[in-house]
Amino acid sequence: MDLTLIIVLVIALALFFDFTNGFHDTANAMATPIATGAMKPKVAVALAAVLNLIGAFLSTEVAKTISGGIIREGSGGVQITPELIFAGLVGAIVWNMVTWLFGLPSSSSHALFGGLIGAAIVGAGLGAVDFVVVLDKVILPALIAPVTAGVVAYSATKLAYWITRRYDGRPDGRGGFRYGQIFSSSLVALAHGTNDAQKTMGVITLTLIAAGLQTAGTGPELWVVVSCALAIAIGTYSGGWRIIRTLGRGLTEVKPAQGFAAETSTAATILASSHLGFALSTTQVASGSVIGSGLGRRGSSVRWGTAGRIAIGWLLTLPAAGIVGAVAALIAGLGPVGILIDTVLGVGVVTLIFWLSRRNQVHSDNAVEPAPVQGQSEVAASARAVRIKKVKPLKKERAHKESA
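Residues numbered from 1 in each chain as written. Predicted model: local features only at pLDDT ≥ 70, side-chain atom pairs only at ≥ 80, totals over all residues. Heavy atoms only, no water.

Notes on the overall build of the protein chain
And step 1. Across its full length, the protein chain carries 15 helices and 2 strands.
And step 2. The 404 residues of the protein chain split such that 55% are buried.
And step 3. Counting contacts in the protein chain only where the partners sit at least 6 residues apart, residues at least 24 apart contribute 86% of the total.
And step 4. Total accessible area on the protein chain is roughly 17,400 Å²; 67% of this is exposed by carbon and sulfur atoms. (Helix = DSSP H or I, 4+ residues; strand = E, 2+ residues; numbered from the N terminus. Buried < 20%, exposed > 50% of the residue type's maximum accessible area, 1.4 Å probe, protein only. Contact = heavy atoms within 4.5 Å. Areas by Shrake-Rupley, 256 points an atom, 1.4 Å probe, with all protein chains shown as cover.)

Re helix H12 (residues 304–332)
And step 1. Across its 29 residues, H12 extends 41 Å between first and last C-alpha, which sits within 8% of the 42 Å expected from 1.5 Å per residue.
And step 2. Within H12, the axis deviates most sharply at Thr-317, by approximately 45 degrees, and proline Pro-319 lies no more than four positions further along. (Expected span 1.5 Å × (residues − 1). Bend = angle between axes of the 7 residues up to and from the residue.)

Remarks on the packing of helix H4 (residues 82–101) against helix H13 (residues 336–357)
And step 1. Between H4 and H13, whose axes approach to 10 Å, the crossing angle comes to 10 degrees. With respect to H13, the element H4 is oriented roughly parallel. On H13, the residues touching Glu-83, Phe-86, Ile-93, Val-94, Met-97, Val-98, Trp-100 and Leu-101 of H4 are Ile-339, Asp-342, Thr-343, Val-349, Val-350, Ile-353, Phe-354, Leu-356 and Ser-357.
And step 2. Classifying every residue of the contact of H4 with H13 gives 13 nonpolar, 2 polar and 2 charged. (Axes fitted to C-alpha atoms, helices over the stretch in contact; angles between N-to-C directions. Parallel < 35°, antiparallel > 145°, perpendicular 65-115°, else oblique. Nonpolar A, V, L, I, M, F, W, Y, C, P; charged D, E, K, R; others polar.)

Let's talk about the confidence of the model for the protein chain
And step 1. On average, residues of the protein chain score 79 in pLDDT, and 81% of them reach the 70 mark or higher.
And step 2. Mean pLDDT across the secondary structure elements of the protein chain bottoms out at helix H14 (residues 378–381), with 39, and peaks at H13, with 92. (pLDDT = per-residue confidence, 0-100.)

Some points on a nonpolar patch on the surface
And step 1. Taken together, the side chains of Phe-57, Leu-222, Val-226, Leu-230 and Ile-234 present a nonpolar region at the surface, about 480 Å² in accessible area.
And step 2. Residue Leu-222 is classed as exposed on the basis of its relative accessible area of 63%. (Patch = residues over 30% accessible without salt bridge, like charges linked within 9 Å, V, L, I, M, F, W, Y side chains within 5 Å. Salt bridge = Lys/Arg side-chain N within 4 Å of Asp/Glu carboxyl O.)

Points about the nonpolar core
And step 1. Judged by nonpolar contacts, the single largest core of 83 residues is most densely connected at Met-30, Ile-85, Leu-89 and Ile-244.
And step 2. Setting aside residues up to four positions removed in sequence, Ile-85 forms contacts with Val-10, Ile-80, Leu-116, Val-203, Leu-206 and Thr-207. (Core = buried A, V, L, I, M, F, W, Y, C linked by side-chain atoms within 4.5 Å.)

A word on the packing of aromatic side chains
And step 1. Tallied over the full model, the rule gives 4 aromatic pairs.
And step 2. For the ring pair Phe-16 and Phe-19, a centre distance of 6.1 Å and an interplane angle of 20 degrees mean the geometry is stacked. One end of the pair, Phe-16, and the other, Phe-19, are both in helix H1 (residues 3–36), 3 residues apart, so they sit about a helical turn from each other.
And step 3. Exposure remark for Phe-16: the relative accessible area of 31% places this residue in the partly exposed category.
And step 4. With a centroid separation of 5.6 Å and 75 degrees between ring planes, the pair formed by Phe-23 and Trp-100 is classed as edge-to-face. Of this pair, Phe-23 sits in helix H1 while Trp-100 sits in helix H4, and the two are 77 residues apart along the sequence. Across the pair, exposure class does not vary: Phe-23 and Trp-100 are buried alike.
And step 5. Grouping aromatic residues by their ring pairs yields a cluster made of Phe-16, Phe-19, Phe-23, Trp-100 and Phe-354.
And step 6. If you follow Arg-242 out to its NZ or CZ, it ends over the ring of Trp-100, 5.4 Å from the centre. (Phe/Tyr/Trp six-rings, centres within 6.5 Å; stacked < 30°, edge-to-face > 60°. Lys NZ or Arg CZ within 6 Å of the ring centre and 35° of its normal.)

Looking at the environment of Leu-89
And step 1. Mapped onto the fold, Leu-89 is located in helix H4.
And step 2. Judged by its relative accessible area of 0%, Leu-89 is buried.
And step 3. Leu-89 sits 79 residues away from Val-10 along the chain, and the two C-alpha atoms are 8.0 Å apart.
And step 4. Setting aside residues no more than four positions away along its own chain, Leu-89 makes contact with Val-10, Leu-13, Ala-14, Phe-17, Leu-112 and Val-203.

Observations regarding the environment of Val-147
And step 1. With respect to the secondary-structure elements, Val-147 resides in helix H6 (residues 131–163).
And step 2. In this structure the C-alpha to C-alpha distance between Val-147 and Ile-291, which are 144 residues apart in sequence, comes to 9.7 Å.

Details of the side chain of His-24
And step 1. Examined against the element boundaries, His-24 turns out to sit in helix H1.
And step 2. A relative accessible area of 1% means that His-24 is categorised as buried.
And step 3. Apart from the residues within four sequence positions on either side, His-24 is in contact with Asn-96, Thr-99, Trp-100, Leu-104, Pro-105, Ser-106, Ser-108 and Ile-243.

Quick look at the packing of helix H2 (residues 41–55) against helix H7 (residues 177–210)
Geometry of a packed helix pair, given as the angle between the helix axes and the separation of the axes.
And step 1. Where H2 meets H7, the axes come as close as 7 Å, and the angle between the chain directions of the two elements is 45 degrees. Taken together, the axis directions place H2 and H7 in an arrangement best described as oblique. H7 is crossed by H2, and the crossing has right-handed handedness. For the pair H2 and H7, the contacting residues are Leu-47, Ala-48, Leu-51, Asn-52, Ile-54 and Gly-55 in the first and Ser-186, Ala-189, Leu-190, His-192, Gly-193 and Thr-194 in the second.
And step 2. When grouped by side-chain class, the residues that make up the contact of H2 with H7 number 6 nonpolar, 6 polar and no charged. (Left-handed = near helix turned anticlockwise from the far one by under 90°.)

Written out as structure tokens, the structure is:
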């Protein structure tokens, strides 16, 4: 197949992956403020889209990790061809769509890495993958970051309820955290754009380097940054309501104070990882933060069945996307006919998943139902968040009661 044509196909597929990344991961920033009523659903996703767009321009460290780290550079250049990158993207997109259908907040990042690694191993051998970088920049952060974010969110939730304990039982007070959630969720959306949009930038840059159109070791070109920023922003605006439902109500009943704590913890973790060049999963960090905040609010409960399903999705993502990427690479090895077969199969799977999703549609009106009202405010309902000692009545009050 003509080199120019395959490069165009890879870039188009990479931008479609970026789009799926956007709607797959909108929930990371906006599920909790939607669940608590801090923002209306459509306003939330619009704000997230704008901030994803801005965030994509803030850093390129993660893009460099992908374009010049995971896939080795040999004496003849990068040991992967545009055809193999195409196959890896097919694996990533298929897994993203499957997990979206089931409402699982799996990692788009790990789907991408898995697809690329599977395709690279089939097409160029084990030596094409730098497993030290994979361990250092992908696997270890995936294990550490959700736990870290969960512990921080747990501590922040405890602190928030301790500071505002005087409001327990009153019809006002912690609802003010809803205003704070506008800021904290915006910070998560900005961080998501900073970290996740770069992964597609890295893939396109890797393709250009592999084709000899860009010098090895250089970062993404401006047009790559702009196109990836737009793709993830458009995807984010489309909603991803199935996963918003899972994170907004599926893991725990989210109150404003704990939502604020979860979002702040998520943003801090992701921004730190972007600065260090870690290709972190925003989804895993956000899920860890939501679970940590649920454990931190006394009286709340974490739905461990849902958490278990999400954890299984995390474990399966890298190998599952890798297997699909490897199979796509084997087919791509047939030449132009193989690329055509991969394209037809990929389009067919995506179309089938969209058709299946229409049988049980989730949209902005039913993604997160309002929390049940039990005749008391959010503050009164969360009075068990901290222990409040009963104050004994004064002697005069006791005497007055006795005489009455």
